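Spelled out from the first residue to the last, the chains are:
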Amino acid sequence: MATDNKKAITLFVDKNLYNKYKKFCSERGLKMSKGFEFYMQSQLSTKGKKDDIEEIIKHKLKELLGKK
């Protein structure tokens, strides 16, 4: 159900990843499209930094490994 301020898009993603995320959202009563909107917004809010994704991954990996 699209509204005036929404845009229908087609994405091609890994089937297994999609199914896992769909189940994750369904179990929590979340909308998949809203999760993607949050992701896009987070990318736009950090624009200007050269290696945002790489830095985020490094930081999260250090957190998981219990390193500073």
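Please refer to the structure placed before this passage.
Residues numbered from 1 in each chain as written. Predicted model: local features only at pLDDT ≥ 70, side-chain atom pairs only at ≥ 80, totals over all residues. Heavy atoms only, no water.

1. Let's talk about the overall build of the protein
- Tallying secondary structure elements over the protein gives 3 helices and 0 strands in all.
- Secondary structure elements in the protein, listed N-terminal to C-terminal, are α-α-α.
- Burial statistics for the protein: of 68 residues in total, 3% are counted as buried. (Helix = DSSP H or I, 4+ residues; strand = E, 2+ residues; numbered from the N terminus. Buried < 20%, exposed > 50% of the residue type's maximum accessible area, 1.4 Å probe, protein only.)

2. Comments concerning the layout of surface pockets
- In this structure, the largest pocket occupies an estimated 980 Å³ of space.
- Considering the residues around the largest pocket, the lining is formed by 22 residues, among which Leu11, Met32, Ser33, Lys34 and Phe36 are closest to the centre.
- Those elements giving two or more residues to the lining of the largest pocket turn out to be helix H1 (15–28) and helix H2 (32–45).
- Tallying contributions element by element places H2 first for the lining of the largest pocket, with 8 residues.
- Each residue belonging to the lining of the largest pocket can be placed in one class, and the counts come to 13 nonpolar, 4 polar and 5 charged. (1 Å grid on protein atoms, 1.4 Å probe; cavity = no way out; pocket = protein on both sides within 12 Å on 5 of 7 lines; lining within 4 Å. Points joined across faces, edges and corners; volume = space filled by probe spheres on them. Nonpolar A, V, L, I, M, F, W, Y, C, P; charged D, E, K, R; others polar.)

3. Observations concerning the packing of aromatic side chains
- Per the counting criterion, the structure on display carries 2 aromatic pairs.
- The interplanar angle of 20° and the centroid separation of 6.0 Å between the aromatic rings of Tyr21 and Phe24 together place this pair among those described as stacked. Of this pair, Tyr21 and Phe24 both sit in helix H1, 3 residues apart, roughly one helical turn.
- The exposure class of Tyr21 is partly exposed, given its relative accessible area of 35%.
- The exposure class assigned to Phe24 is partly exposed, which follows from its relative accessible area of 35%.
- Ring geometry for Phe36 against Tyr39: centres 6.3 Å apart, planes inclined by 25°, an arrangement best described as stacked. You can see Phe36 and its partner Tyr39 sitting in helix H2, 3 residues apart, about one turn around the helix.
- A residue is classified by how much of its surface remains accessible, and Phe36, at 31% relative accessible area, is partly exposed. (Phe/Tyr/Trp six-rings, centres within 6.5 Å; stacked < 30°, edge-to-face > 60°.)

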